[in-house]
Each structure stands twice: as structure tokens, then as C-alpha cells.
Amino acid sequence: MTEINRPELTQHLDAWINGKLSAEELWRWALEARSERKSADVAVRDIMDMLCSIPEDLLLPVDAEVMLDALNNPEDEADLSANLLWNYADMIDVAGRRKELADDPFYAPYCGA
């Protein structure tokens, strides 16, 4: 089984930030990659978990910046990456995003009350 590594994940996140990958394209890639491959380390695993829940958690390209920050932490500081990711996720204004994304064809099914 091949690995999903930091450089590959960084490339996908950069493409999302720069509009070269849509949220749906990144989400589908993440679902497929996670089902067929293993994560190279804990930070990659945690970010892949987040990417696999893009529509449900209403994640946007702006959130990828935090994911990139987590990938910039050394592998031996995985606890810092995990704390950064999960604390950030708790701070997302989900109610605001539901309103903002209610008409988006990809996110709309997840914007219900």
C-alpha cells in the first residue's frame, strides 16, 4: 500500500487554495486516496480526515491554510499539529457558513438546520 505523503497533500491543498481544484474535486480525491492508501504520518492522517468531511463540516479553501501550517510542524511534533487542526475546527462559524453556502450546489445539502 502506498502512502499519502506531506508533499502530495501540500500540492492538493495549494491547488484548492489557488482555485485549481474545487472543494468537490479535493473531497473526492481525499475519499479515494484514504480508501486505497495509508497516511505517512499523524498530521497527514488528521488532515485527510478533515478533507473527507469537507461538505459536512463546510470546509473552505481558507481552512487549508491551517492544514498547511500543521504540515509545516515536524513529524515528531504531531501533537502540535493535531491540537492546531482540531482547535481550529472547533472555532469555525458553522452557522455563518450554513447561511453563506446555502445556495452552493456542493455544500447546500449540508446546510440544513
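This text follows the structure it describes.
Worth saying up front: this structure is predicted, and the values here are computed from it rather than measured. (Residues numbered from 1 in each chain as written. Predicted model: local features only at pLDDT ≥ 70, side-chain atom pairs only at ≥ 80, totals over all residues. Heavy atoms only, no water.)

A. Focus on the overall build of the chain. The helix and strand tally for the chain stands at seven helices and two strands. Written out in order from the N terminus, the α and β elements of the chain read β-α-α-β-α-α-α-α-α. Taken against the 2.2 N^0.38 rule, which gives 13 Å for 113 residues, the C-alpha radius of gyration of the chain at 14 Å falls within 12% of a compact globule. With the C-alpha coordinates of the chain rotated into their principal frame, the extents come out at 40 × 25 × 25 Å. With 113 residues in all, the chain has 44% of them scored as buried. For the chain, the proportion of contacts with a sequence separation of at least 24, taken over those separated by at least 6, is 69%. Accessible surface, the chain as shown: approximately 6,300 Å² in total, 49% of it carbon and sulfur. (Helix = DSSP H or I, 4+ residues; strand = E, 2+ residues; numbered from the N terminus. Rg over C-alpha atoms; globule rule 2.2 N^0.38 Å. Buried < 20%, exposed > 50% of the residue type's maximum accessible area, 1.4 Å probe, protein only. Contact = heavy atoms within 4.5 Å. Areas by Shrake-Rupley, 256 points an atom, 1.4 Å probe, with all protein chains shown as cover.)

B. Spotlight on the environment of tyrosine 107. Relative to the helices and strands, tyrosine 107 resides in the segment after helix H7 (94–101). A relative accessible area of 4% places tyrosine 107 in the buried class. In this structure the C-alpha to C-alpha distance between tyrosine 107 and leucine 58, which are 49 residues apart in sequence, comes to 6.8 Å. Residue contacts for tyrosine 107: discarding those within four places in its chain leaves Trp16, Ala23, Ile54, Pro55, Leu58, Leu59, Leu60 and Leu101.

C. The arrangement of the packing of aromatic side chains in detail. Inspection of the entire model under this criterion finds two aromatic pairs. Aromatic pair phenylalanine 106 and tyrosine 107: ring centres 5.0 Å apart, planes at 70°, arrangement edge-to-face. Taken together through their ring pairs, the aromatic side chains of Trp27, Phe106 and Tyr107 make up a single cluster. (Phe/Tyr/Trp six-rings, centres within 6.5 Å; stacked < 30°, edge-to-face > 60°.)

D. Structural detail: helix H2 (residues 23–36). With 14 residues, H2 should cover 20 Å at 1.5 Å per step; its first-to-last C-alpha distance of 20 Å lies within 8% of that length. Taken together, the buried positions of H2 are occupied by Ala23, Leu26, Trp27, Trp29, Ala30 and Ala33. In an axial view of H2, the angular spread of the buried residues amounts to 165°, which keeps them on one side of the axis. (Expected span 1.5 Å × (residues − 1). Arc of directions from axis to C-beta.)

E. View of the packing of H2 against helix H3 (residues 42–51). Viewed as axis vectors pointing N to C, H2 and H3 meet at an angle of 130°, and their least axial separation amounts to 8 Å. One finds that H2 runs oblique with respect to H3. Judged by the twist between their axes, the crossing of H2 over H3 is left-handed. Side by side, H2 and H3 meet where Leu26, Trp27, Trp29, Ala30, Ala33 and Arg34 of the first sit next to Met48, Asp49 and Leu51 of the second. The residue makeup of the contact of H2 with H3, split by class, is seven nonpolar, no polar and two charged. (Axes fitted to C-alpha atoms, helices over the stretch in contact; angles between N-to-C directions. Parallel < 35°, antiparallel > 145°, perpendicular 65-115°, else oblique. Left-handed = near helix turned anticlockwise from the far one by under 90°. Nonpolar A, V, L, I, M, F, W, Y, C, P; charged D, E, K, R; others polar.)

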